[in-house]
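Chain by chain, the residues:
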Amino acid sequence: MIRIRSLTKQYGSNAVLRGIDLDVAAGEFLVVLGPSGAGKSTLLRCINGLVAPTSGELVAAGYDATDARKVRQLRRNVAMIFQHHNVVPRLSVLKNVLTGRLGQVSSLASILQLFSRQDVALTMDCLRRVELDHKAHERTDALSGGQRQRVGIARALAQRPQVILADEPVASLDPKTSRLVLQYLRAACRELGITVVCNLHQVDYAREFGDRIVGLAGGKLVLDGRGDELRDSHLNLIYAGLDQVQHAAPAAARQPAPELSAQGAL
Ligand SMILES: Nc1ncnc2c1ncn2[C@@H]1O[C@H](COP(=O)(O)OP(=O)(O)O)[C@@H](O)[C@H]1O
Ligand SMILES: [Mg+2]
């Protein structure tokens, strides 16, 4: 579903992504773990065509994410959820989720905000998946932070995407609400067969929710394996070992601990 080869992104002299190779299978729930500044958001933005990579190949949902002409089609199939649940506060919950349909309806219909009964029915289905259908007609600013993030998930689902990219979707929520939000996201994606790439900095949630975890440090993937096999020693690769990783040669960065292989074995 996502294929990344030798991806680099440089901002001036700051090499943020330094050669990423990654394949994400259809239906996989992949967590990208890494400290602040590791390049997690940059990676997601590259996948969504929001950031143009410096070099490398990137195909998501069948579209070349490095081709600016394909960006509209790409984004129709690759939805994004942000940390600050960027829903429109004064709109109703229903309207916020309906905006997820905007990429799918004709431009005239979208200017006039004409949505078909099917669009409304699909929107209500998405709201049911996050258990907010009873709030459909309330203003979104009347909801709690966790509920707003669920609206953000419903809006992404309403797009009927093949891929959802979630950039620290629970960073501003309390632990209980965070788990609930991630549970809704995982359940909806499982049921609808959507591939998820979710940036997190909380290790516990990564373990609990990730089918697979990759660790990003110093602009490189330093580990890759199953979520339930993540050990504390592996975390040093991402967190404590950050300094060495940043200064290591590429091969060394991929083999920092003997029991780890670069791909598939946490
Ligand atoms: N638009 C930008 N212009 C310049 N530097 C940027 C830009 N976006 C991100 N960076 C830099 O890239 C690095 C990685 O940022 P980011 O991808 O946001 O990391 P993370 O999401 O893991 O915290 C940081 O050093 C940040 O300052
Ligand atoms: Mg970030």
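For the structure, check the block above.
Here the structure is a predicted model, which means the values were calculated and not measured. (Residues numbered from 1 in each chain as written. Chains lettered and ligands numbered in written order. Predicted model: local features only at pLDDT ≥ 70, side-chain atom pairs only at ≥ 80, totals over all residues. Heavy atoms only, no water.)

(A) Spatial organisation of the overall build of the protein chain. Helix and strand counts for the protein chain stand at 11 helices and 10 strands. The 266 residues of the protein chain split such that 51% are buried. Considering only intrachain contacts with a sequence separation of at least 6, the fraction spanning at least 24 residues in the protein chain is 70%. (Helix = DSSP H or I, 4+ residues; strand = E, 2+ residues; numbered from the N terminus. Buried < 20%, exposed > 50% of the residue type's maximum accessible area, 1.4 Å probe, protein only. Contact = heavy atoms within 4.5 Å.)

(B) Structural context of the sheet that holds strand β1 (residues 2–11). The four strands are arranged β2-β1-β4-β5 in an open sheet whose pairing can be described as antiparallel. Each edge of the open sheet carries a strand with a single partner, namely β2 (14–24) and β5 (63–64). Across two bridges, the pairing between strand β4 (residues 55–60) and β5 is antiparallel. Of the residues in β5, the one forming a bridge with alanine 60 is tyrosine 63. Helix α1 (residues 40–47) contacts β1, β2 and β4 of the sheet and is inclined by roughly 120° relative to β1. (Pairing = 2+ DSSP bridges. Axes fitted to C-alpha atoms, helices over the stretch in contact; angles between N-to-C directions.)

(C) Up close: helix α6 (residues 145–158). For α6, spanning 14 residues, the distance from its first C-alpha to its last is 20 Å, which sits close to the expected 20 Å at 1.5 Å a residue. The element α6 is largely enclosed, with a buried count of 13 among its 14 residues. Immediately beyond the C-terminal end of α6, within one or two residues, lies arginine 160, with a positive phi of roughly 50°. (Expected span 1.5 Å × (residues − 1).)

(D) Highlighting the nonpolar core. The biggest cluster of nonpolar side chains holds 49 residues, and the ones touching the most others in it are Leu33, Leu127, Ile164, Leu185 and Leu200. One finds Leu17, Leu43, Val197 and Val214 within the second-largest nonpolar core, a separate group that totals 29 residues. (Core = buried A, V, L, I, M, F, W, Y, C linked by side-chain atoms within 4.5 Å.)

Honestly, it's all geometry; don't read function into it.
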